[in-house]
Amino acid sequence: MEINELYSLYEEHFVPAYADLTIFTLKKYEEVMNGIHDAFFHVMQSFNDKTDTEVQNGNVKKAYDHILRSTLDCYKIMWVELKTKLDAVYLDPEKRTYCFCLPVDGVISQYDVFQERSKEARKIEIENVGVSQLASLESWKGAISKGLELYEGIDWVKIESLERDRIKWRSKETLIGFLIGIASSTVAAIIWACLTHVT
């Protein structure tokens, strides 16, 4: 394997995947960092003049595999984070209905496509274990792209408003329950006093 293939993978696949992940989550992930760390050491060994060409090329291949794995990790972590954020809105019937900038049937349809693409990506990944994970990268990228379309349709102002309204409703329900409790206790005490006083 040539070093330019490694660089091409890094530049065309890893950098965009890593950038998308860190921008979306505002975090750095240990699995990804470890993969890049390991790749770096293999790249350095590929320039070691004390080893023969076969060992040097073997190290380039190992570095390539680490970067490929790290890129796949970026996409899968991104998918998990995206799905978690989407589910927080989608699985809540009120939010699903009122907090997307799309009709509810469009939201359901896009979410279903996101789920189907995710299943397909997982299937392609499993089929390509030990063969080539490049196809997996593209399929995960497609699933994430569909999820991001839906995520970008979330109206965060409406969600904030709905959450505030829910707090008000809960407070009112608690207050009403408390007042009903006091009133029923008072009425019960009066009735008890009347019954016990009559005799």
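Residues numbered from 1 in each chain as written. Predicted model: local features only at pLDDT ≥ 70, side-chain atom pairs only at ≥ 80, totals over all residues. Heavy atoms only, no water.

Would you explain the overall build of the chain in this entry?
Along its length, the chain carries seven helices and zero strands. For the chain, the sequential pattern of α-helices and β-strands runs α-α-α-α-α-α-α. When its C-alpha atoms are laid out on the principal axes, the chain stretches across 110 × 35 × 30 Å. Long-range pairs, those at least 24 residues apart, make up 74% of the contacts in the chain with a sequence separation of at least 6. Counting 23 positive and 31 negative side-chain charges, the chain places the centres of these two groups 7 Å from one another. (Helix = DSSP H or I, 4+ residues; strand = E, 2+ residues; numbered from the N terminus. Contact = heavy atoms within 4.5 Å. Lys, Arg positive; Asp, Glu negative; His and termini not counted. Charge placed at Lys NZ, Arg CZ, Asp CG, Glu CD.)

I keep staring at unusual backbone geometry and nothing clicks. Help me out?
With the exception of glycine, most residues fall at negative phi, and the peptide bonds are largely trans. Notably, Leu26 is not glycine yet its phi reads approximately 60°, a positive angle. Taking relative accessible area as the criterion, Leu26 reaches 74% and is therefore assigned exposed. (Buried < 20%, exposed > 50% of the residue type's maximum accessible area, 1.4 Å probe, protein only.)

Help me out: how do you make sense of the packing of helix H3 (residues 53–90) against helix H6 (residues 134–151) in this one?
When two helices pack together, their arrangement is given by the angle between their axes and by how far apart the axes lie. Look at H3 against H6: their axes get within 10 Å of each other, and the N-to-C directions meet at 25°. The orientation of H3 with respect to H6, classified from their angle, is roughly parallel. As for how H3 packs across H6, the hand of that crossing is left-handed. For the pair H3 and H6, contact is made by Tyr64, Leu68, Thr71, Leu72, Tyr75, Lys76, Met78, Trp79, Leu82, Lys85 and Leu86 and by Leu134, Ser136, Leu137, Trp140, Lys141, Ile144, Gly147, Leu148, Leu150 and Tyr151, respectively. (Axes fitted to C-alpha atoms, helices over the stretch in contact; angles between N-to-C directions. Parallel < 35°, antiparallel > 145°, perpendicular 65-115°, else oblique. Left-handed = near helix turned anticlockwise from the far one by under 90°.)

Teacher, can you tell me more about the nonpolar core here?
Soluble globular proteins tend to bury their nonpolar side chains together. Formed by 40 residues in total, the largest nonpolar core has its most connected members in Leu6, Val32, Cys74, Leu82, Leu86 and Ile154. For this core, the secondary structure elements donating two or more residues are helix H1 (3–25), helix H2 (30–46), H3, helix H5 (104–127), H6 and helix H7 (156–198). Per-element tally for this core: the top contributor is H3, with 15 residues. (Core = buried A, V, L, I, M, F, W, Y, C linked by side-chain atoms within 4.5 Å.)

Mind showing me how you'd approach the layout of surface pockets here?
A water-sized probe, rolled over the atoms, reveals where empty space remains. Approximately 240 Å³ is the volume attributed to the largest pocket. Lining the largest pocket are 13 residues; nearest its centre among them are Asp65, Leu68, Val131, Ser132 and Gln133. A total of six residues in the lining of the largest pocket trace back to one element, the largest contributor, which is H3. Looking at side-chain class alone, the lining of the largest pocket contains six nonpolar, four polar and three charged residues. Its volume calculated, the second largest pocket comes out at about 170 Å³. Taken together, Ile3, Leu6, Tyr7, Tyr10, Ile36, Ala39, Phe40, Val43 and Ile67 make up the lining of the second largest pocket. Elements supplying a minimum of two residues to the lining of the second largest pocket: H1 and H2. (1 Å grid on protein atoms, 1.4 Å probe; cavity = no way out; pocket = protein on both sides within 12 Å on 5 of 7 lines; lining within 4 Å. Points joined across faces, edges and corners; volume = space filled by probe spheres on them. Nonpolar A, V, L, I, M, F, W, Y, C, P; charged D, E, K, R; others polar.)

How do you make sense of H1 when you look at a structure like this?
An α-helical turn contains 3.6 residues, so any two residues separated by three or four positions project in the same direction. If you check H1, its first and last C-alpha atoms are 31 Å apart, about what 23 residues at 1.5 Å a residue would give, namely 33 Å. Residues of H1 that are buried: Leu6, Leu9, His13, Phe14, Ala17, Tyr18, Leu21, Thr22, Phe24 and Thr25. Looking at the packing, one finds that the buried side of H1 touches H2, H3 and H6. Phi turns positive one or two residues past the end of H1, at Leu26, with a value near 60°. (Expected span 1.5 Å × (residues − 1).)

For this particular structure, what's the right way to read a nonpolar patch on the surface?
A contiguous nonpolar surface patch, about 520 Å² in accessible area, is contributed by Ile3, Phe40, Phe41, Met44 and Phe47. Per-element accounting of the nonpolar patch gives the leading share, three residues, to H2. By the secondary structure assignment, Ile3 is in helix H1. (Patch = residues over 30% accessible without salt bridge, like charges linked within 9 Å, V, L, I, M, F, W, Y side chains within 5 Å. Areas by Shrake-Rupley, 256 points an atom, 1.4 Å probe, with all protein chains shown as cover. Salt bridge = Lys/Arg side-chain N within 4 Å of Asp/Glu carboxyl O.)

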